Amino acid sequence: QVQVVESGGGLVQPGGSLRLSCAASGSIFSIYRMGWYRQAPGKQRELVATVTDIGNTNYAESVKGRFTISRGDAKNTVVLQMNILKPEDTAVYYCNIIMSRSSGINYWGKGTLVTVSS
């Protein structure tokens, strides 16, 4: 079994910052890619940022320059530093991991809510 757990969500004012963390545990041999998606009410889930095992990153255009994704200090962890937050960043943020490039098998966390409001 593989467990994916997010943390760090909460309420923040526009212009503020939050740091989301994700930890994967269980039967893990290796991880090809870890990343974050988000979904606002009534909207489609969208990619926010990803980082691969060799450090390649990918960001949504809407968060470039504001968000930074990085592998955590602990194994099988990933961090999303979110700065200059905007109300439109409000969503449930989900951690996603892909175990291998060839299979594409992925796992999801339950999500953590980020609310940006004054």
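Preceding this section is the structure that the text describes.
Note that the structure is a prediction, hence the values are computed from the model and not measured.

A. A look at the overall build of the protein. Helix and strand counts for the protein stand at 0 helices and 11 strands. From first element to last, N terminus to C terminus, the protein shows the α and β order β-β-β-β-β-β-β-β-β-β-β. In terms of C-alpha radius of gyration, the protein reaches 14 Å, essentially the compact-globule figure of 13 Å for 118 residues. Looking at the 118 residues of the protein, the share that counts as buried comes to 41%. The contacts in the protein between residues at least 6 apart in sequence include a share of 53% that link residues at least 24 apart. Entry remark: accessible area of the protein is about 6600 Å², with carbon and sulfur atoms responsible for 49%. Taken together, the 12 basic and 7 acidic charged side chains of the protein have centroids lying 3 Å from each other.

B. Fine view of the pattern of salt bridges. In the structure shown here, the tally under the stated rule is 4 salt bridges. Residue Glu-46 pairs with Arg-38 through a salt bridge whose shortest N-O separation is 2.8 Å. For Glu-46, a relative accessible area of 35% puts it in the partly exposed group. For Arg-66, the salt bridge goes to Asp-89, with nearest N and O atoms at 2.8 Å. Placement of Arg-66 in the loop between strand 6 (57–59) and strand 7 (67–71) and of Asp-89 in the loop between strand 8 (77–82) and strand 9 (91–98) is noted, with a sequence separation of 23 residues between them.

C. Representation of the packing of aromatic side chains within the structure. Overall, the coordinates contain 1 aromatic pair when judged by the stated rule. Here the aromatic rings of Tyr-37 and Trp-108 are separated by 5.1 Å at their centres, their planes lie at 65°, and the arrangement is edge-to-face. Linking Tyr-37 in strand 4 (residues 33–39) with Trp-108 in strand 10 (residues 106–108), this pair joins segments that are 71 residues apart in sequence. Sitting over the ring of Tyr-94, Arg-45 keeps its end group 3.8 Å from the ring centre. Above the face of the Trp-108 ring, Arg-45 is positioned so that its terminal group lies 4.7 Å from the ring centre.

D. Fine view of the sheet that holds strand 3 (residues 18–26). Taking strand neighbours across the sheet as the criterion, the 4 strands line up as 1-3-8-7 in an open arrangement whose pairing is antiparallel. Each edge of the open sheet is held by one strand with a lone partner, namely strand 1 (2–7) and strand 7. Neighbour-to-neighbour, the strand axes of the sheet open up by a mean angle of 15°, direction not taken into account.

What counts as what
Residues numbered from 1 in each chain as written. Predicted model: local features only at pLDDT ≥ 70, side-chain atom pairs only at ≥ 80, totals over all residues. Heavy atoms only, no water. Helix = DSSP H or I, 4+ residues; strand = E, 2+ residues; numbered from the N terminus. Rg over C-alpha atoms; globule rule 2.2 N^0.38 Å. Buried < 20%, exposed > 50% of the residue type's maximum accessible area, 1.4 Å probe, protein only. Contact = heavy atoms within 4.5 Å. Areas by Shrake-Rupley, 256 points an atom, 1.4 Å probe, with all protein chains shown as cover. Lys, Arg positive; Asp, Glu negative; His and termini not counted. Charge placed at Lys NZ, Arg CZ, Asp CG, Glu CD. Salt bridge = Lys/Arg side-chain N within 4 Å of Asp/Glu carboxyl O. Phe/Tyr/Trp six-rings, centres within 6.5 Å; stacked < 30°, edge-to-face > 60°. Lys NZ or Arg CZ within 6 Å of the ring centre and 35° of its normal. Pairing = 2+ DSSP bridges. Axes fitted to C-alpha atoms, helices over the stretch in contact; angles between N-to-C directions.

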